[in-house]
Amino acid sequence: MSSQSTGLRPWRQRWNALFQDHEIFIRTHGHVRFVRVSAVWQKRVALIAAAVLLAWAAVTVAIFVNQLLSADERAEVARKQAAATAAEARIAQYRDRVGEIAADLDERQAQLEEWQKTYFGAEALPAAADDDKTGAAADKPLETSAVDPRLPPEAQALARIEARQEVFSARLLAAVGARAAKAEGAVAKLGLDPASLVRNAAAGRGGPFIPFRGRIGAAGALGKSFAALEGALFRMEVLERTLVAIPSGQPAHVLMLSSSYGYRSDPFTGASAMHSGLDFPGPLGTPILAAAPGKVVYVGQRAGYGNVIEVDHGQGIMTRYAHLSGFTTRAGAQVSAGQQIAKMGSTGRSTGSHLHFEVRLNGVAVNPRRFLEAKADVLEVKDDARQRVGALASATPGRGAR
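Residues numbered from 1 in each chain as written. Predicted model: local features only at pLDDT ≥ 70, side-chain atom pairs only at ≥ 80, totals over all residues. Heavy atoms only, no water.

Asks: Can you break down the pattern of salt bridges residue by residue, with the values?
Replies: One pass over the full model with this rule turns up 12 salt bridges. Note that Glu237 and Arg241 form a salt bridge whose closest N and O atoms lie 2.8 Å from each other. With Glu237 and Arg241 both in helix H6 (residues 226-245) and 4 residues apart, the pair spans about one turn of that helix. An identical accessibility class is assigned to Glu237 and Arg241; each is buried. (Salt bridge = Lys/Arg side-chain N within 4 Å of Asp/Glu carboxyl O. Helix = DSSP H or I, 4+ residues; strand = E, 2+ residues; numbered from the N terminus. Buried < 20%, exposed > 50% of the residue type's maximum accessible area, 1.4 Å probe, protein only.)

Asks: Describe the nonpolar core, naming the residues involved and giving the relevant values.
Replies: Grouped together as the largest cluster of nonpolar side chains are 42 residues, with contacts concentrated most on Leu243, Ile288, Ile309, Tyr321, Ile341, Leu355 and Phe357. In terms of residue count, the dominant contributor to this core is H6 (5 residues). With residues up to four places along the chain from it excluded, the contact list for Ile288 reads Pro251, Ala252, Tyr321, Leu324, Gln339, Gln340, Ile341, Ala342, Lys343, Met344 and Leu355. (Core = buried A, V, L, I, M, F, W, Y, C linked by side-chain atoms within 4.5 Å. Contact = heavy atoms within 4.5 Å.)

Asks: Before we move on, could you go through a nonpolar patch on the surface and cite the residues and values that matter?
Replies: Among the surface-exposed residues, Val61, Phe64, Val65, Leu68 and Leu69 lie close enough to one another that they form a single nonpolar patch of about 460 Å² accessible area. You can call Val65 partly exposed: its relative accessible area is 38%. (Patch = residues over 30% accessible without salt bridge, like charges linked within 9 Å, V, L, I, M, F, W, Y side chains within 5 Å. Areas by Shrake-Rupley, 256 points an atom, 1.4 Å probe, with all protein chains shown as cover.)

Asks: So what's going on with the side chain of His313? Residues and values would help.
Replies: On the secondary structure map, His313 appears in strand E8 (residues 306-314). Of the polar contacts made by the side chain of His313, one reaches the backbone oxygen of Ala292; its length is 3.3 Å. In this structure the side chain of His313 is engaged in a polar contact, spanning 2.8 Å, whose partner is the backbone oxygen of Pro293. Beyond its immediate sequence surroundings of up to four residues, His313 is in contact with Ala245, Ala292, Pro293, Gly294, Met318, Thr319 and Tyr321. (Polar contact = N/O pair within 3.5 Å; in protein donor to acceptor, adjacent residues only side chain to side chain.)

Asks: Talk me through the layout of surface pockets; I want residue IDs and the actual numbers.
Replies: The calculated volume of the second largest pocket comes to roughly 380 Å³. Lining the second largest pocket are 21 residues, and of these Arg264, His275, Asp279, His323 and Arg349 sit closest to its centre. Listed by contribution, the elements that provide at least two residues to the lining of the second largest pocket are strand E4 (272-275) and strand E12 (354-361). Within the lining of the second largest pocket, the residues separate by chemical class into 6 nonpolar, 10 polar and 5 charged. (1 Å grid on protein atoms, 1.4 Å probe; cavity = no way out; pocket = protein on both sides within 12 Å on 5 of 7 lines; lining within 4 Å. Points joined across faces, edges and corners; volume = space filled by probe spheres on them. Nonpolar A, V, L, I, M, F, W, Y, C, P; charged D, E, K, R; others polar.)

Asks: Now, about the environment of Gly304: what can you tell me, with residues and values included?
Replies: Relative to the helices and strands, Gly304 is located in the loop between strand E7 (294-302) and E8. Take Gly304: its relative accessible area is 39%, and that puts it in the partly exposed class. Beyond its immediate stretch of four places on either side in the chain, Gly304 contacts His323, Gly348 and Arg349.

Asks: Tell me about the packing of helix H5 (residues 194-202) against H6, residues and numbers included.
Replies: Two numbers describe how H5 lies on H6: the axes approach to 10 Å, and their chain directions differ by 110 degrees. Considering the angle they form, H5 stands roughly perpendicular to H6. Judged by residue contacts, Pro194, Leu197, Val198, Ala201 and Ala202 of H5 engage Phe234, Arg235, Val238, Leu239 and Thr242 from H6. Looking at the contact of H5 with H6, its residues break down into 8 nonpolar, 1 polar and 1 charged. (Axes fitted to C-alpha atoms, helices over the stretch in contact; angles between N-to-C directions. Parallel < 35°, antiparallel > 145°, perpendicular 65-115°, else oblique.)

Asks: Provide a residue-level description of H6, including the pertinent values.
Replies: Three- or four-residue spacings in an α-helix give side chains the same orientation, since the helix completes a turn every 3.6 residues. For H6, which comprises 20 residues, the first-to-last C-alpha distance of 28 Å matches the rise-based estimate of 28 Å (1.5 Å per residue) to within 8%. H6 sits mainly inside the fold: 15 of its 20 residues count as buried. (Expected span 1.5 Å × (residues − 1).)

Asks: Could you give me a rundown of the packing of aromatic side chains, with the residues and numbers involved?
Replies: In this structure the tally under the stated criterion is 1 aromatic pair. The cationic tip of Arg302 hangs over the ring face of Tyr298; the distance from NZ or CZ to the ring centre is 4.0 Å. Lying over the aromatic face of Tyr305, Arg320 brings its terminal NZ or CZ to 4.8 Å of the ring centre. (Phe/Tyr/Trp six-rings, centres within 6.5 Å; stacked < 30°, edge-to-face > 60°. Lys NZ or Arg CZ within 6 Å of the ring centre and 35° of its normal.)

Written out as structure tokens, the structure is:
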């Protein structure tokens, strides 16, 4: 304690030295007064002033610190508001995305249902090969375990819908493939090249480019079986319409065949010549029948053929009936298989009453015998195809040839 007192003594001395007793003389109107200012009073005033100064400094510091804290709080509030705004934007974007995907799935479902109705009607689709692996039947929803559980509930629901559509499109693809295979086999037995028919049909397509509005953009993005389904449907329709268009009906009810397709001796000159059709002899006026449904595209005369009728059956197939004595139809008329279109005659370069019957594929004459003598299995497939597309082909035969 003594050492501490000794150490503080110089400071007390300095402090006391600052304050001395003072006397102040004040003269007022000839009177003199003495005002004594004691050292103790001076110390008290100094202490009060120091206290006031310290209080003011403390308040100033407090205000400054408060302002700093308020600025930090405001910055934090601003950051939180910015984060909330960004989160709301992400949520809005997510909702838009979910809505867009849902709309795309609705359009894809509508397309699948339209394809099923157009090509199969109420006919039940066969089960796809993947059905047993996935355990998904046509009338049962997929198990939730097949969907990533980390997805939000809305996304899980959309994923389940998309998975069911994949199963449905796979089953539809299997059914289309089976029908296309049957039609392809029948077309091949008739001596036609199925691949060439499909290729030629695909070459005749076009139209303005209208991008798909949603995330899908192209058939390939619709699913693993959707793009293949689109191509398989086109191929099946081309082959089935070709079968329906093939002229397998007898063009006249006659038994004899006076000249076949190919090289022969010309009946007028005896020289070798190419005969581009079949000749069916018969009485004058024998009814001439359309060998397949189609549209009459020409009624008139052609050099060497005499009176001629030409019928377009679609898919590049056209039949020509020549040497006619009369017409029972007109250009532009739609005719069905077996419908009378003309009468047998001997006009043009002809030696007697007969029908010259030609079949042309993409403008090139082919042997009609292969079509008229089609075997029962081919005709069965053709009848099946006619039941599916025959009515439409009869109403709008030009559609198959586009």
